Amino acid sequence: MSDLALAAPTGLARPARARAGETAEQLAAWVLAGPAFALIWILLLGPTVAVFVLSFTDWTFGMPEIAWAGLENYREMAGDAVFWKTLRNTLTYVAFVVPLSVFLGLGAAILIEAGESLRGFYRAAFFLPVVSTLLAMALVFQFAFHPTVGAINLTLAFVGIPTTDWLKNPDTALFALGVIGIWQAIGLSMVLFIAGLKAIPKDLYEAAAVDGADGAFERFRRVTWPMLGPAMLFVVTITAIRAFQVFDTVQVLTDGGPNKATNVLLFQMYQEGFSFLRSAYAAALTVVFLGFVLLVTVIQVRLQERNTHYG
Amino acid sequence: MRTRSIAATGLGFQLFRHAALGLGAFLMLAPFVIMISVSLKPSGEIFSPEFTLLPKQWHAWQNYADAFTKQPLARYILNGFIVTGSIFACQLLTALPCAYALAKLRWRGRETMFMLVLLGLLIPPQVTAIPLYILLWQLGLLNTYAAIILPSTISVFGIFLMRQFFLTVPDDLINAARLDGLGEFAIVWRIMMPTAMPAVIAFGVLSLVWNWNEFFWPLIVVQSEHLATPPLGVVFFANAEAGTNYGPLMAAATAITAPLVIAFLAAQRWFIDGVTMTAVK
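All residue numbers here refer to positions counted from 1 along the written sequence of the relevant chain. All chains are assigned letters beginning at A, and all ligands numbers beginning at 1, according to the order in which they are written. With pLDDT at 70 or above as the cut-off, local features in this predicted model cover only qualifying residues; side-chain atom pairs require 80 or more to be listed or tallied, and sums for whole chains, interfaces and linings still use all residues. Remark: hydrogens and water are excluded; side-chain values derive from all non-hydrogen atoms of the structure.

Can you walk me through the overall build of chain A in this structure?
Under the scheme used here, helices are H or I runs from DSSP no shorter than 4 residues and strands are E runs no shorter than 2 residues, and both carry numbers assigned from the N terminus. A count of helical and extended segments in chain A gives 14 helices and zero strands. Restricting the calculation to C-alpha atoms gives the radius of gyration, and the globule rule supplies 2.2 Å times the number of residues raised to the power 0.38. Its C-alpha radius of gyration of 25 Å places chain A more than 25% over the 19 Å reference for a compact globule of 311 residues. Its C-alpha atoms give chain A principal-axis dimensions of roughly 70 × 55 × 30 Å. For every residue, the accessible area (1.4 Å probe, protein chains only) is compared with the maximum for its type, and the residue is labelled buried under 20%, exposed over 50%, or partly exposed between those bounds. When burial is assessed residue by residue, chain A has 51% of its 311 residues classed as buried.

What is the right way to read the overall build of chain B from this model?
Of the regular secondary structure elements, chain B holds 15 helices and zero strands. For chain B, the C-alpha radius of gyration of 24 Å lies well beyond 19 Å, the compact-globule estimate for 281 residues. Along the longest, intermediate and shortest principal axes, the C-alpha atoms of chain B span 75 × 70 × 35 Å. When the 281 residues of chain B are sorted by exposure, 55% land in the buried category. In this analysis, two residues are considered to be in contact whenever any of their non-hydrogen atoms come within 4.5 Å of each other. Here the analysis covers contacts within chain B between residues at least 6 apart in sequence; of these, 72% occur between residues at least 24 apart. Split by element, the accessible area of chain B, about 11900 Å² in all, is 68% carbon and sulfur. The distance from the centre of the 16 positive side-chain charges to the centre of the 12 negative ones in chain B is 10 Å. Only the protein chains shown count as cover for residues, and the accessible areas themselves come from Shrake-Rupley with a 1.4 Å probe. As used throughout, the charge tally considers Lys and Arg to be positive and Asp and Glu to be negative, leaving His and the chain termini uncounted. We put the charge of a Lys on NZ, of an Arg on CZ, of an Asp on CG and of a Glu on CD.

Would you mind showing me how to read the interface of chain A and chain B here?
Size of an interface, as often reported, equals the accessible area lost when the parts are brought together. Each partner contributes to the interface: chain A provides 98 residues, whereas chain B provides 104 residues. When the buried surface of chain A facing chain B is broken down by residue, Leu32(A), Leu111(A) and Phe143(A) rank first, second and third, together holding 8% of it. Any carboxyl oxygen of Asp or Glu within 4 Å of a side-chain nitrogen of Lys or Arg constitutes a salt bridge here. At the surface where chain A touches chain B, the tally comes to zero salt bridges. For this analysis, a polar contact is any N or O atom pair within 3.5 Å, provided that within protein one partner can donate a hydrogen and the other can accept it, and provided that sequence-adjacent residues contribute only side-chain to side-chain pairs. Across the contact surface, chain A and chain B share 14 residue pairs in polar contact (both at pLDDT 80 or more). Of all the elements, helix H2 (residues 20–54) of chain A adds the most residues to the side of chain A that touches chain B, at 22 residues. Asp, Glu, Lys and Arg are counted as charged, while Ala, Val, Leu, Ile, Met, Phe, Trp, Tyr, Cys and Pro are counted as nonpolar; the rest, among them Gly, fall into the polar class. Split by residue class, the side of chain A that touches chain B holds 73 nonpolar, 16 polar and nine charged. Note on terms: buried area is the combined drop in 1.4 Å-probe accessible area of two parts once they are placed together, counting the loss on both.

When you look at helix H1 (residues 11–39) of chain B in this model, what are you seeing that I'm missing?
Owing to its 3.6 residues per turn, the α-helix aligns residues three or four sequence positions apart on the same side. Here the expected span of a helix is defined as 1.5 Å times the quantity of residues minus one. Here H1(B) contains 29 residues, and its C-alpha end-to-end distance of 40 Å stays within 8% of the 42 Å for a straight helix at 1.5 Å per residue. The largest bend in H1(B) is about 40 degrees, located at Leu29(B), with the proline Pro31(B) one to four residues further on. To get the bend at a residue, fit one axis to the 7 residues ending there and another to the 7 starting there, then take the angle between the axes.

Got a minute to help me understand the packing of helix H5 (residues 119–131) of chain A against H1(B) in this structure?
Angles shown run from 0 to 180 degrees and are taken between the N-to-C directions of axes, each axis being a line fitted to C-alpha atoms and, for helices, limited to the stretch in contact. Contact geometry for H5(A) and H1(B): axes closest at 9 Å, N-to-C directions at 40 degrees. Where H5(A) crosses over H1(B), the handedness of that crossing is left-handed. Residues Arg119(A), Phe121(A), Tyr122(A), Ala125(A), Phe126(A), Leu128(A) and Pro129(A) of H5(A) lie in contact with H1(B), whose contacting residues are Arg17(B), His18(B), Leu21(B), Gly22(B), Gly24(B), Ala25(B), Met28(B), Leu29(B) and Phe32(B). Per-class residue counts for the contact of H5(A) with H1(B) are eleven nonpolar, three polar and two charged. The hand of a helix crossing depends on one turn: near helix anticlockwise from the far one by less than a right angle means left-handed, and clockwise means right-handed.

Please clarify how the pattern of salt bridges should be interpreted in this entry.
Once the charged atoms of two side chains with opposite charge are near each other, the side chains can pair. Scanning the model with the defined rule gives seven salt bridges over all chains in all. Taken together, the salt bridges that share partners define one network made up of Glu76(A), Glu272(A) and Arg278(A).

So what exactly am I meant to see when it comes to the packing of aromatic side chains here?
Ring pairs (aromatic) are described by centroid distance and by the angle formed between their planes. Stacked, tilted and edge-to-face pairs are distinguished by plane angle, under 30 degrees for stacked and over 60 for edge-to-face with tilted covering the rest, among Phe, Tyr and Trp rings (Trp via its six-membered ring) whose centres lie within 6.5 Å. Taken as a whole and assessed by the stated rule, the structure comprises 31 aromatic pairs over all chains. Pairing Phe247(A) with Tyr270(A) gives two aromatic rings, centres 5.3 Å apart and planes at 70 degrees, and the pair type is edge-to-face. Remark: Tyr270(A) occurs in helix H13 (residues 265–275) and Phe247(A) occurs in the loop between helix H11 (229–244) and helix H12 (248–254); sequence separation between them is 23 residues. Through a chain of ring-to-ring contacts, three or more aromatic side chains come together here, namely Trp59(A), Phe61(A), Phe247(A), Phe267(A), Tyr270(A), Phe274(A), Tyr133(B), Trp137(B), Phe215(B) and Phe216(B). Across from the ring centre of Tyr281(A), 4.5 Å away, lies the NZ or CZ of Arg278(A), which sits over that ring. Charge-over-ring contacts are defined here by two conditions on Lys NZ or Arg CZ: a distance within 6 Å of the ring centre and an angle within 35 degrees of the ring normal. The side chain of Arg163(B) reaches across the aromatic face of Phe114(B), ending 3.9 Å from its centre.

Would you take a moment to explain a nonpolar patch on the surface for this structure?
A contiguous nonpolar surface patch, about 510 Å² in accessible area, is contributed by Val33(B), Phe51(B), Leu53(B), Leu54(B) and Trp58(B). As for its position among the elements, Leu53(B) is in the loop between helix H2 (43–46) and helix H3 (60–70). To count toward a patch, a residue needs a relative accessible area above 30% and no salt bridge. Like charges then connect within 9 Å, nonpolar side chains (Val, Leu, Ile, Met, Phe, Trp, Tyr) within 5 Å.

Explain the packing of helix H5 (residues 110–122) of chain B against helix H8 (residues 156–167) of chain B to me, please; I cannot follow it from the model alone.
A packed helix pair is summarised by two numbers, namely the angle formed by the two axes and the spacing between the axes. All names here are of chain B. The interhelical angle for the contact between H5 and H8, taken along N-to-C directions, is 125 degrees, at an axis separation of 8 Å. As judged from the angle between their axes, H5 and H8 are oblique. In the crossing of H5 with H8, the sense of the turn from one axis to the other is left-handed. Along the contact surface, H5 presents Phe 114, Val 117, Leu 118, Gly 120 and Leu 121, while H8 presents Val 156, Phe 157, Ile 159, Phe 160 and Arg 163. Here the contact of H5 with H8 is built from residues that sort into eight nonpolar, one polar and one charged. Working definition: roughly parallel below 35 degrees, roughly antiparallel above 145 degrees, roughly perpendicular at 65 to 115 degrees, and oblique for all remaining angles.

What am I meant to see in the side chain of Arg163(B) here?
Residues and elements named next belong to chain B. Relative to the elements of secondary structure, Arg 163 occurs in helix H8. There is a polar contact of 2.5 Å between the side chain of Arg 163 and the side chain of Gln 164. If we skip the residues at most four places from it in the chain, Arg 163 touches Ala 99, Leu 102, Ala 103 and Phe 114.

I'm lost on helix H14 (residues 246–266) of chain B in this one. Help?
In a regular helix each residue adds 1.5 Å, so 21 residues correspond to 30 Å; H14(B) covers 29 Å between its end C-alpha atoms and thus fits that length. Most of H14(B) sits out of view: 15 of its 21 residues are buried.

Is there a simple way to think about the environment of Leu174(A) in this case?
Residues and elements named next belong to chain A. Note that Leu 174 resides in helix H8 (residues 173–198). You can call Leu 174 buried: its relative accessible area is 7%. C-alpha separation for the pair Leu 174 and Tyr 93, spaced 81 residues apart in sequence, amounts to 6.8 Å. Once residues within four sequence positions are removed from consideration, Leu 174 is found in contact with Asn 89, Thr 92, Tyr 93, Ala 261, Thr 262 and Val 264.

Shown next, in the form of structure tokens:
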């Protein structure tokens, strides 16, 4: 995304004598882009700046007075054990969901593209969770996780694996939510990897075959894997950003519990901001959330630049 | 020398492929199967420890009738259409002209505008929630359709996607239209939009899916039952039934998931192209 910005020409030098047509074009452009320009400021960038500013105040929602509080909100956050637990939960969730959804999606993409039969069916089956309403499906998972009559425990008991009340056990609740997250994310990474696989020139495989890379594994190691680099970077980034945004399943299934075991950043922000009406503190939590999302993007851009240098 | 590309053709490999993908597809589809299966059963069968795919005693009519009468489920679904439809109409109205100006017109401020779009792409929607909530409160708009719709009237993603597509439209087409006497506004809607139909549809599909399923924002700004969007409606339902009456609950879940799933199965290519189109650029 950012390389496009850099590629755009900057500072068009123009003759002082602007023709009438050019002035008209200038005007038309502003009329056409004006509404979007205004809305981006009012609904996106303005509020983002406002969140920053608000996080340095003491405001609670509905209060007539507001005063600067400096770093007080951030200090409170740093001294709050719940915040650290929330942060740890969020990072654990991301670290659990991202690798599994990326690699299962990659595996599905490679296997689907490796043959002709049932290709359309498999692709549809893996993608269906992406378009379905997560909230409705979360309730289905709640039933599937039911300790005695849920499909998951019935299956595990049948195979002989120990079972528990997955969503109510503080040791497993976060991972149970992670399973739902993975279930929904696999299809997205699969589709993106399929696009990446299709972009690999076929003659590379022939060249590799000439060089003696005959087995499927050799072809994968020498051609597919290196050529998938850009797609991999994009998929990891988008999956990570979406994982940081986990909220729906927490809100409906665990309410952040048991014992804060599934309290994640956005849920904490929601509670502080909209249940306890502590707008300023919630704004500070939002800043932390945004920081992590931007960090993911910065890492992506850095790696992308490095790859293009050597690529 | 073998010229067959990726396709490995050994029988053993094909067996492995179908075994692995079959298991994966089974796990992906299992929640949908459970959902529909439970929505057909009486509660005695739902809570029996042996799982059967089809009910021994059909209870589908009662469950779905309950789902639509105990809560205004039809209203939730109608709200879903109202909200997603209005949002996409607004997004199209603001994004298309802007994308055209970015791709095809030369004006001072173009680079700045494009930077703003890229900046906007970096911001997850939840970040603006608190200030927008305060803004809507000041305007007295909380708990209205407008509160759900307004924050989504602009889609920087849509602007970006359409700009990328417009860049590939030849300038000659636009110049010919100008010679025919078309104004810039007419060019956007009568020349560019029809040319960019694949991108418009991809944008529409993604906007629809996102806004139909969106839960965070409606949860914050809507309290009234009659304004609830489908996901929020299901939560009202689950809360009212205390999460134990699974038959009607799964019937409700099926009903609100159905429109998107049916749309997806009918127009799969557009959904998958839409997602892919966002990635290759």
